[in-house]
Amino acid sequence: MMQNVHLAPETDEDDLYSGYNDYNPTYDTEELENDTAFQQAVRTSHGRRPPITAKIPSTAVTRPVATGYGSKTSLASSMGGRPVTGVIQDGVTRPMTAVRAAGFTKGALRGSAFDPLGQSRGPAPPLEAKNEDSPEEKIRQLEKKVNELVEESCIANSCGDLKLALEKAKDAGRKERVLVRQREQVTSPENINLDLTYSVLFNLASQYSANEMYAEALNTYQVIVKNKMFTNAGRLKVNMGNIYLKQRNYSKAIKFYRMALDQIPSVHKEMRIKIMQNIGVTFIKTGQYSDAINSFEHIMSMAPNLKAGFNLILSYFAVGDREKMKKAFQKLIAVPLEIDEDDKYISPSDDPHTNLVIEAIKNDHLRQMERERKAIAEKYIMTAAKLIAPVIETSFAVGYDWCVEVVKASQYIELANDLEINKAITYLRQKDFNQAVETLKMFEKKDSRVKSAAATNLSFLYYLENEFAQASSYADLAVSSDRYNPSALTNKGNTVFANGDYEKAAEFYKEALRNDSSCTEALYNIGLTYKKLNRLDEALDCFLKLHAILRNSAQVLYQIANVYELMEDPNQAIEWLMQLISVVPTDSRALSKLGELYDSEGDKSQAFQYYYESYRYFPSNIEVIEWLGAYYIDTQFCEKAIQYFERAALIQPTQVKWQLMVASCFRRSGNYQKALDTYKDIHRKFPENVECLRFLVRLCTDIGLKEVQEYATKLKRLEKKKEIREQRIKSGRDGSGGSRSKRESSAGSDSGQNCSASSKGERLSAKLRALPGTNEPYESSSHKEIDASYVDPLGPQAERPKTAARKRIEEDDFADEELGDDLLPE
């Protein structure tokens with residue numbers, strides 16, 4: 001068969017596969033079945049050849065590859081000693097089956113090196129770029145954006161920006177609905193992200209509730225609860241119950257709480273306890289105390305806690321069950337706090353490492369949480385004790401003693417002293433000062449903290465009773481017991497302030513502020529001290545700092561206005577007083593002060609407005625009545641001034657000047673008969689009043705009455721008596737500066753008895769005296785304030801003829817020449 005095999009020429013080194021495309025009858029497939037050599041080759045090599053790939057082959061050694069027609073060297077088979085098939089084997093040759101070149105060249109194999117890791121192939125090709133326009137990619141981006149909006153909404157809510165949180169939640173809801181529609185178009189409905197839908201709806205409902213949009217929140221919760229695809233959605237009925245509780249729809253709140261309780265399995269014990277506690281609180285709101293007691297009793301038997309115990313005491317207090325109140329208080333005392341003892345934070349040795357650890361945990365978050373829990377427990381116990389002590393026994397003192405004994409036998413033993421002090425404060429509220437003092441004095445021999453608190457209260461008590469010596473001694477005791485007690489230092493400063501030593505008082509107040517910068521009492525008092533010392537700038541700084549702490553304190557606002565008034569800055573004083581009346585719009589003193597400032601600025605209309613408002617809220621202030629009466633006389637409305645002077649005469653019936661002003665207003669308004677009757681009434685009440693007799697003489701002369709001579713005789717007699725009396729006083733005192741003119745029943749205008757009147761009184765008196773025929777006496781009014789019924793000072797609009805003023809002037813002046821000089825008023 002060798003004559004049928006064409007070997008490759010040995011001289012052809014470059015083209016080993018030439019001639020493959022030439023047709024040779026040897027490769028006629030019709031004769032393959034009868035070709036024994038071919039059949040032998042098929043039987044021996046089928047399934048043993050390695051698969052041929054498109055890659056350039058590389059071998060473990062750099063040797064030429066054997067060809068189908070033979071080669072110079074033989075190649076060991078990678079299959080483990082397999083003979084080369086293209087050469088003579090057992091005298092039988094195998095024809096080559098390929099009819100086309102495989103693409104191998106000898107040149108590519110001659111210089112190949114050992115490279116089992118394929119490092120010569122170079123870097124991997126770049127990753128295939130994402131197709132951002134694909135539906136799947138758009139869905140992923142939209143889902144990411146929805147999650148970001150939900151997170152931003154939660155963060156805004158935690159920062160207090162509720163409006164922004166709601167906007168973000170709404171935006172997340174809109175985008176989530178778009179996401180669901182897109183996902184339904186691309187994939188089946190089963191692939192919808194239910195967790196994302198649930199979180200978006202739940203956050204939206206929470207933000208609605210936080211913004212008090214309760215109807216929208218309830219609708220959103222209903223969407224979640226009614227969707228059966230959401231697991232554990234039934235517990236959201238608790239949130240719906242909370243909303244109904246805020247809306248005071250207690251029946252629906254209880255209904256939803258019970259529905260949530262039924263849907264929560266018993267393994268969630270803590271959640272069920274909280275829901276039962278909400279049910280109990282709702283029953284208290286509705287006044288169903290027996291049902292509330294059942295709920296709280298169940299909680300205290302299953303998992304006792306402070307809130308449930310306190311609410312149980314409230315329920316028993318409401319039904320008036322004394323014995324059950326005692327038992328509930330004992331249960332409250334027995335609730336475990338589950339906090340570490342304070343001994344844990346005390347170093348047992350001098351080991352520096354242990355000390356560092358203890359120093360690190362002394363004020364960490366866990367320690368702060370323990371302090372808060374303990375403070376809440378003490379607050380509940382103290383409030384409960386103060387609530388039940390007056391009712392569980394025959395007297396509140398016995399009740400307090402029982403509570404103190406129970407507390408002393410518990411883990412809250414340090415609260416016993418606080419209860420004792422609270423007992424003394426209760427005595428104070430009942431006006432039993434002696435018992436309060438005796439109770440507080442019991443603490444003088446106890447530890448320094450309790451002693452300081454008791455001494456502070458005692459000092460304040462004696463200060464209120466104006467016993468400054470005792471107040472000072474107990475303040476010293478409180479300061480010596482606890483030098484860092486700001487209340488004790490403030491009380492000590494108060495006693496020094498009362499004695500007039502303002503500089504020393506300021507030092508105590510400063511020390512109190514150094515110990516506790518939030519002690520507003522010390523800051524307020526130091527402002528008053530600086531005002532007394534005329535250090536107005538420093539006083540203003542103190543009150544402005546206090547205003548930053550207590551924004552709506554009426555006392556602070558008034559002090560700031562008063563300091564500006566002392567600094568002669570009326571505009572600023574008016575501005576701060578306007579803020580004051582926005583806080584306390586019914587304060588008559590603040591309104592009258594505003595009227596006084598506007599009057600000093602010359603704005604009579606504004607002054608009248610605020611004086612009139614002050615009179616409406618407190619119609620017994622003599623200064624305000626005085627100003628309003630003078631204002632109406634100044635504006636020629638004497639008939640309106642009558643009401644104010646009559647009110648002043650009711651408040652001060654022994655002051656003749658108000659009745660004289662009433663009579664003068666009648667006379668100036670043209671009502672001579674009424675004026676005459678008023679003067680006669682005054683003369684009956686005050687027969688020694690010279691001024692009244694002078695006007696009686698004048699009126700009787702003008703009208704032509706016969707009583708004129710009688711009144712003239714009385715007037716001369718009184719004037720002679722007055723002269724004799726003045727001569728006796730002058731001779732008896734030998735020219736001393738004292739004057740007893742104020743003891744006279746009337747202060748005559750010719751005797752100059754108004755020298756001690758205030759500047760305001762002198763101004764108003766001058767207005768009255770400047771009017772024709774009004775020569776009534778005037779003296780400064782006292783500050784005594786007497787409550788009186790309110791009468792509208794203006795009343796109905798008076799109908800006055802346009803020429804009335806001129807006629808009144810003519811009437812005042814007529815017949816003056818007929819009277820003697822000795823009968824005319826000065």
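Scope of this entry: the structure provided in the associated data block. (Residues numbered from 1 in each chain as written. Predicted model: local features only at pLDDT ≥ 70, side-chain atom pairs only at ≥ 80, totals over all residues. Heavy atoms only, no water.)

The next point concerns the overall build of the protein chain. Secondary structure summary: the protein chain contains 35 helices and zero strands in total. Here the protein chain holds 826 residues, and 39% of them are scored as buried. Taking as baseline every contact in the protein chain between residues at least 6 positions apart, the subset at least 24 positions apart corresponds to 56%. (Helix = DSSP H or I, 4+ residues; strand = E, 2+ residues; numbered from the N terminus. Buried < 20%, exposed > 50% of the residue type's maximum accessible area, 1.4 Å probe, protein only. Contact = heavy atoms within 4.5 Å.)

The next point concerns helix H20 (residues 486-498). Helix length check: H20 (13 residues) gives 18 Å between terminal C-alpha atoms against 18 Å at 1.5 Å per residue, within 8%. Within H20, 11 of the 13 residues are buried, which leaves it mostly tucked inside the rest of the structure. Among all positions in H20, only Pro486, Ala488, Leu489, Thr490, Asn491, Lys492, Gly493, Asn494, Thr495, Val496 and Phe497 are buried. Backbone geometry just after H20 places Gly500 at a positive phi near 90°. (Expected span 1.5 Å × (residues − 1).)

So, on to the nonpolar core. One finds Phe329, Val407 and Tyr679 to be the most contacted residues of the largest nonpolar core, which totals 175 residues. Among the elements that line this core, the one with the most residues is helix H14 (residues 365-392), at nine residues. Those residues in contact with Val407, other than ones at most four positions away along the chain, are Phe329, Ile333, Ile381, Tyr412, Ile413, Leu415, Ala416 and Leu419. By size, the runner-up hydrophobic cluster in this structure holds nine residues, among which are Ile139, Leu142, Val146 and Val150. (Core = buried A, V, L, I, M, F, W, Y, C linked by side-chain atoms within 4.5 Å.)

With that out of the way, let us pick up the environment of Leu162. With respect to the helices, strands and loops of the structure, Leu162 is situated in helix H4 (residues 162-186). The spacing of Leu162 and Asn211 is 49 residues in sequence and 6.3 Å in space, taken between C-alpha atoms. Filtering out sequence-adjacent residues up to four positions away, Leu162 remains in contact with Asn157, Ala210 and Asn211.

It is worth spelling out the environment of Ala334 at this point. Secondary-structure assignment places Ala334 in the loop between helix H12 (322-333) and helix H13 (352-361). Given the relative accessible area of 57%, Ala334 is considered exposed.

Another point: the packing of helix H5 (residues 194-210) against helix H6 (residues 214-226). Relative to each other, H5 and H6 sit at 160°, their axes nearing to 7 Å. Here H5 is positioned roughly antiparallel relative to H6, judged by the angle of their axes. Between H5 and H6 lies a crossing whose hand is left-handed. Facing H5, whose interface residues are Tyr198, Leu201, Phe202, Leu204, Ala205, Ser206, Tyr208 and Ser209, H6 presents Tyr214, Glu216, Ala217, Thr220, Tyr221, Val223 and Ile224. Along the lines of polarity and charge, the residues of the contact of H5 with H6 split into 11 nonpolar, three polar and one charged. (Axes fitted to C-alpha atoms, helices over the stretch in contact; angles between N-to-C directions. Parallel < 35°, antiparallel > 145°, perpendicular 65-115°, else oblique. Left-handed = near helix turned anticlockwise from the far one by under 90°. Nonpolar A, V, L, I, M, F, W, Y, C, P; charged D, E, K, R; others polar.)

Further remarks concern the pattern of salt bridges. Per the counting criterion, the structure on display carries 23 salt bridges. When the shortest N-O distance is used, the salt bridge between Arg694 and Glu691 registers 4.0 Å. In this pair, Arg694 and Glu691 are both assigned in helix H32 (residues 690-703), three residues apart and thus about one turn of the helix distant. Per residue, the accessibility class of Arg694 equals that of Glu691, and both read buried. (Salt bridge = Lys/Arg side-chain N within 4 Å of Asp/Glu carboxyl O.)

For the rest of this paragraph, the subject is helix H10 (residues 289-302). Quick reminder: α-helices carry 3.6 residues per turn. Residues three or four places apart thus point the same way. With 14 residues, H10 extends 20 Å from end C-alpha to end C-alpha; this agrees with the ideal 20 Å at 1.5 Å per step. All of the buried residues along H10 are Ala292, Ile293, Ser295, Phe296, Ile299 and Met300. Viewed end-on, H10 has its buried residues packed into an arc of 165°, placing them on one side of the element. Relative to its buried face, H10 has exposed residues pointing more than 90 degrees away, namely Asn294 and Ser301. Residues of H10 that are buried in the fold lie against helix H9 (269-286), helix H11 (306-319) and H12. (Arc of directions from axis to C-beta.)

Per the counting criterion, the structure on display carries 21 aromatic pairs. Where Tyr679 meets Phe695, the ring centres are 5.3 Å apart and the plane angle is 10°; that geometry is what we call stacked. Of this pair, Tyr679 sits in helix H31 (residues 672-685) while Phe695 is found in helix H32, placing the two residues 16 residues apart along the sequence. Classification of Phe695 as buried rests on a relative accessible area of 1%. Of the aromatic side chains, those joined through ring pairs into one cluster are Phe608, Tyr611, Tyr612, Tyr615, Trp627, Tyr631, Tyr632 and Tyr644. Its guanidinium or amino end placed over the ring of Tyr617, Arg616 lies 5.4 Å from that ring's centre, counting from NZ or CZ. (Phe/Tyr/Trp six-rings, centres within 6.5 Å; stacked < 30°, edge-to-face > 60°. Lys NZ or Arg CZ within 6 Å of the ring centre and 35° of its normal.)

Another aspect to go through is the side chain of Ser295. Inspection of the secondary structure puts Ser295 in helix H10. Discounting chain neighbours no more than four positions away, the residues touching Ser295 are Met276, Ile279, Gly280 and Phe283.

Okay, the packing of H20 against helix H22 (residues 520-532) next. Packing of H20 against H22 brings their axes to within 10 Å, and their N-to-C directions diverge by 20°. Relative to H22, the element H20 is oriented roughly parallel. The element H20 and its partner H22 pack so that their crossing is left-handed. From H20, Thr490, Asn494 and Phe497 reach across to H22, where they touch Glu521, Ala522, Asn525, Leu528, Thr529 and Lys532.

Right, let's talk about unusual backbone geometry for a bit. For Arg248, which is not glycine, the phi dihedral falls at a positive 65°. Along the chain, Arg248 turns up in the loop between helix H7 (237-246) and helix H8 (250-263). Relative accessible area serves as the criterion here: at 66%, Arg248 is assigned to the exposed category. You will see that Asn466, though not glycine, has its phi angle at about 65°, which is positive. In this fold, Asn466 is placed in the loop between helix H18 (448-464) and helix H19 (468-481). The exposed category is assigned to Asn466, whose relative accessible area is 56%.

Here, disulfide denotes a covalent bond that connects the sulfur atoms of two cysteines. What the rule picks out here adds up to zero disulfides. For the unlinked cysteine Cys638, the closest cysteine sulfur is that of Cys665, found at 5.3 Å. (Disulfide = S-S within 2.5 Å.)

The next thing to look at is the environment of Ser452. Relative to the assigned elements, Ser452 resides in helix H18. As for Ser452 and Leu477, which are separated by 25 residues in sequence, their C-alpha atoms are 7.1 Å apart. A polar contact of 2.8 Å, which involves the side chain of Ser452, links it to the side chain of Asn485. (Polar contact = N/O pair within 3.5 Å; in protein donor to acceptor, adjacent residues only side chain to side chain.)

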